[in-house]
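# Reading the structure
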Amino acid sequence: MKRKLPHLLFFLLLTPVLFAQEPVKPIFFDRDYFETPLPVVLDNLQEHTENLFFYKKEWGIEAFLVNAKQGENAIEYIENLLKNYGYSIVYYKDLLIIVNQEGLEAYRYEKWEEDDANLNGYQLIGAGKPENSNLPVTLSGRITDAGENEPLIGASIQVVGSEEGVVTDLDGKYVLKIIPGKYKLLVQYSGYEPQSIPIQLINTGELDAELFNETLKLEEFTITARSQEISVSEKIAGREILDIAVIKSLPTFMGEVDPVKSLISLPGVSSVGEGTSGFNVRGGDPGQNLVMMDGAIVYNSSHLFGFFGAFNSDLIRDVELYKGGGPANYGGRVSSVLNVNLRNGNSQGMEVQGGIGLISSRLLIEGPIKKDKTTFLISGRTAYPNWMLKQMKDPDLYQSAAGFYDVNFKVNHTLDENNVLTFSGYLSEDNFEFASDTAYVWKTKLGILKWGHRFNNRFLMQAQMVVSDFQSNIHNTEVNYDFDYQSGILNYQGKIDFTYELGAAHKFDFGFTSLYYDFNNGEFTPGRENTTSQMVRIPQENALESAVYLNDEYVISPRLSLVYGLRVSNYLALGGSYFEFDPDQPRTPASVTDTLAFSSNEIAKSFFGIEPRASFRWLATPSSSIKLSYYRTNQYIHLISNTAAISPVDYWKSSGYNLSPSIADQYTLGFFKNWKDNLFEVSVEGYYKDIQNVVDYKNAATILLNETLDADLVQGVGKAYGAEFLIRKNRGKLTGWVGYTYSRSLRKFDQSPFKEEKINGGSFFPANYDKPHDLSLVMDYKVSRRFAMNLNFAYSTGRPITVPVSKFQFEDILSVLNYSDRNQYRIPDYHRLDLAFTLKSGLKKEKFIDGEWVFSIYNVYSRRNPFSVYFTQRGNAFQLSVLGSAFPSISYNFKL
């Protein structure tokens, strides 16, 4: 091939600064420089080095000023200085040549043309001459499981011999910005065989990779959803992602994996106690968490009063939690966002898997409808605990019955390389019959349709339509008192999200969402034999919540990043009827002055919210970072409850004429550090949160079937603050973490001038779920490749309660209890130890059944943790423990 490069270079280099022509050696400044022109520095270097520089005088490099210290590496300094002005240094035949953009492109392209003839096993990426050889080009692609074609979230793509590298996103995709040239890429994911890929990168291009399960690998490994340095490099503060493999390794209750309960082992996440639905994040109540399944809102995140999770673990790809509200594309709750992402069906072949336990079983079938084009996935679960209830000695329990089932299905169809359609559905039903006369039934229905479109490698779109329906029913068959009660919430949602990458520094997410609500706040229907009761129906409410958002992931420098955005929301309360109250009296049914009635879909009240978000990350070193964030979020719907945990009689109510939206401002500051090549991970994160318009109830309030409910609700302010500590070991036979949280969650209701509408005299008091100390210990010990032991220990301060502090006699009533201020006492502290033992099947790669036995013991030392303390009419206290003994279980999980 004809060599054009020397002719071009010597044409450019008309004015040389002459040095002796020797091989390039490290050059160091022999003096300090301050605002010194670059040519002067080059002249000075001539006297102390044996190198030759060339440059073109008319480029005016005398305007390039040097500020350097004696002993600094001169070549590195000059290279960095020249980059700021679009120039570079080319090493050519032992010469140091300063070139402009045109010269650099010519040099590189000539070299690539010579190398193309002999790639020596290097994979050629890109085509043609690069647009700008002085700047990085984009290498993008997708990392998947070779067996199931599922995306690997958090897989690491590292440039060997440098600090350049990225991790894949939730779709297994990555984007790496590097200068064109020859590289070796190392693709890794824990539990999979790493892959080394040599490439010759010429221009922007794509590189996909498939990794194989590390079935027979001898050394131990830790399964995790993200690369082990992600806690340091993660740009969004408060974001946690748990892979389902990690969740399945934790000890379970009755052998059933619950992803939501598994989150409680993380700092900043807690629950009220055993047998409770929902969870609490950084001082928020369960109704302040946005829980989603593949983007669809789930209003009931558990089965059977919280003993089982609502999500089938076999379907889950990962669980993503934002403890601070998340980026601007999320909204509607003031505490946290939890998105349970489901995987697609196997695109290569049919597969069956499931599990059989003492009181529940599950089955999943998946495979291709058309290979590499259309996949399906369908699963079902059911529970059968009645045989266990029949063994109880308490007549109220052995006469009771319980059970649940849920069904998932998902179809994924690839129209072409730029368009994907997904349709998924979910159906569940719980039932619990107490002492043969009262039946509680919960039903959830979800339908999700998604369309993903790629305009080009930098511009993506996803549109989705969602239907979500949750209904709660109580059916009583007691003679002369039979009735039906129902409440619920139905919503329809449309959403369009766009992602656009603007160069290497900016990734924009923007879009629009609209959500229509239909609230059923309660309907009571007496039975045929119930002649003493009348039908009660609380007026129906409707609402429309819409929002637009813009989010920018801005990489300021390799060390600095800023994820910032703005969400603008609007909420319209539609139709319904509202009461006006006399402003000079406390709100009661007697102080109602007027009733305002609105026709269907007529705007009764409008609310507008501006929600800025920002998360700043500074990489202090390659293994440590500092993160600072601020989130503002608005919540327009409220969970009405007079219990510490979610119960069957709770229901959702719209903001409206007498109820304002809740608004939260959260601030966080954290330090993250990894040691010994990411073997150990340590983090400390503090937070402070202010909440406006939190909702609570007056003393002696009526929550159910109350037509003047607005009179019994009060709104005030809340604050929550705390510090979260985490120490994690990522590799080796023994892995796990210790998490500790110190936190407070306080409420104050003093906005009304009337004593009856203040709680505790208008002073701050602990929220129902305020637990200052919370400690979790999770350990996983791999005895061998087939046998593992798991341990989970939890400790927390007892939650607040209200107790009688005195009693007196009034006329014929022998004992009248006088209660303390609200939540001024606490139940005893909570602690529990769980163990699990897992025995996997043989290690042959080719086997008909891949199975494992799991034996677990929940509450090993039979701690009678109190759920609450109750008092008789005479003031005698008794403690309720939901699970007061050890619960062993055994289950068998299989995969065909």
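Refer to the preceding data block for the structure.
An account of the accompanying structure is given in this report. (Residues numbered from 1 in each chain as written. Predicted model: local features only at pLDDT ≥ 70, side-chain atom pairs only at ≥ 80, totals over all residues. Heavy atoms only, no water.)

Time to look at the overall build of the chain. Per the secondary structure count, the chain includes nine helices and 56 strands. Sequence separation of 24 or more characterises 65% of the internal contacts of the chain that already satisfy a separation of 6 or more. (Helix = DSSP H or I, 4+ residues; strand = E, 2+ residues; numbered from the N terminus. Contact = heavy atoms within 4.5 Å.)

We now examine the sheet that holds strand β10 (residues 165-167). On the basis of which strands lie adjacent, the open sheet formed by five strands has the order β7-β13-β12-β9-β10 and mixed pairing. Looking at which strands have only one partner, the edges of the open sheet turn out to be β7 (123-125) and β10. Recorded for the sheet is a direction-independent mean angle of 30° between the axes of neighbouring strands. Bridging between strand β9 (residues 156-159) and strand β12 (residues 181-188) involves four bridges; their strand directions are antiparallel. (Pairing = 2+ DSSP bridges. Axes fitted to C-alpha atoms, helices over the stretch in contact; angles between N-to-C directions.)

Tallied over the full model, the rule gives eleven cavities of 30 Å³ or more. Considering only enclosed or pocket space, the second largest cavity measures out at about 450 Å³ in volume. Looking at which element gives the most residues to the lining of the second largest cavity, the answer is strand β42 (residues 680-697), with four residues. When grouped by side-chain class, the residues that make up the lining of the second largest cavity number 16 nonpolar, ten polar and five charged. (1 Å grid on protein atoms, 1.4 Å probe; cavity = no way out; pocket = protein on both sides within 12 Å on 5 of 7 lines; lining within 4 Å. Points joined across faces, edges and corners; volume = space filled by probe spheres on them. Nonpolar A, V, L, I, M, F, W, Y, C, P; charged D, E, K, R; others polar.)

This paragraph deals with the nonpolar core. Across soluble globular proteins, you tend to see nonpolar side chains buried next to one another. Ranked by size, the top nonpolar core spans 32 residues in total, and within it L263, F311 and L338 carry the most contacts. Those elements that place two or more of their residues in this core are β19 (289-293), β23 (316-322), β24 (336-342) and β30 (438-456). Setting aside residues no more than four positions away along its own chain, L338 makes contact with V260, L263, F279, L290, V291, M292, V319, E320 and L321. (Core = buried A, V, L, I, M, F, W, Y, C linked by side-chain atoms within 4.5 Å. Buried < 20%, exposed > 50% of the residue type's maximum accessible area, 1.4 Å probe, protein only.)

We now examine the environment of G273. The residue G273 is located in the loop between β17 (269-270) and β18 (280-281) in this model. What makes G273 buried here is its relative accessible area of 11%. Considered as a pair, G273 and Y830 are 557 residues apart in the sequence and their alpha carbons are 8.2 Å apart.

All of the buried residues in helix α3 (residues 74-83) are A74, I75, Y77, I78, L81 and L82. Take α3 and look down its axis: the buried residues cluster within an arc of 160°, on one side only. Relative to its buried face, α3 has exposed residues pointing more than 90 degrees away, namely E76 and K83. Here α3 starts with a cap whose side-chain oxygen sits 3.1 Å from the backbone nitrogen of I75, and that cap is N73. (Arc of directions from axis to C-beta. Polar contact = N/O pair within 3.5 Å; in protein donor to acceptor, adjacent residues only side chain to side chain.)

With that settled, the discussion passes to unusual backbone geometry. Even without being glycine, R282 reaches a positive phi, approximately 45°. Residue position: R282 is located in the loop between β18 and β19. Phi angles above zero are rare outside glycine, and S862 is one such case at about 55°. Within the fold, S862 resides in the loop between β53 (850-858) and β54 (868-871). The partly exposed category is assigned to S862, whose relative accessible area is 31%.

A separate point is the pairing of strand β26 (residues 360-370). Inspection of the sheet shows strand β25 (residues 351-357) paired to β26 by six bridges, in the antiparallel sense. Within the sheet, the bridge partner assigned to G355 lies in β26 and is R362. The pairing of β26 with strand β27 (residues 374-383) spans ten bridges and is classified as antiparallel. Paired with P368 across the bridge in β27 is T375.

Judged by side-chain polarity, M350, L363, I365, I378, Y405, V407, F409, F423, L427, L449 and M465 come together as a nonpolar surface patch covering roughly 940 Å² of accessible area. Elements supplying a minimum of two residues to the nonpolar patch: β26, β28 (401-416) and β29 (419-434). Ranked by residues supplied to the nonpolar patch, first place goes to β28 with three residues. Here L427 is to be found in strand β29. (Patch = residues over 30% accessible without salt bridge, like charges linked within 9 Å, V, L, I, M, F, W, Y side chains within 5 Å. Areas by Shrake-Rupley, 256 points an atom, 1.4 Å probe, with all protein chains shown as cover. Salt bridge = Lys/Arg side-chain N within 4 Å of Asp/Glu carboxyl O.)

The values are spatial; any link to function lies outside them.
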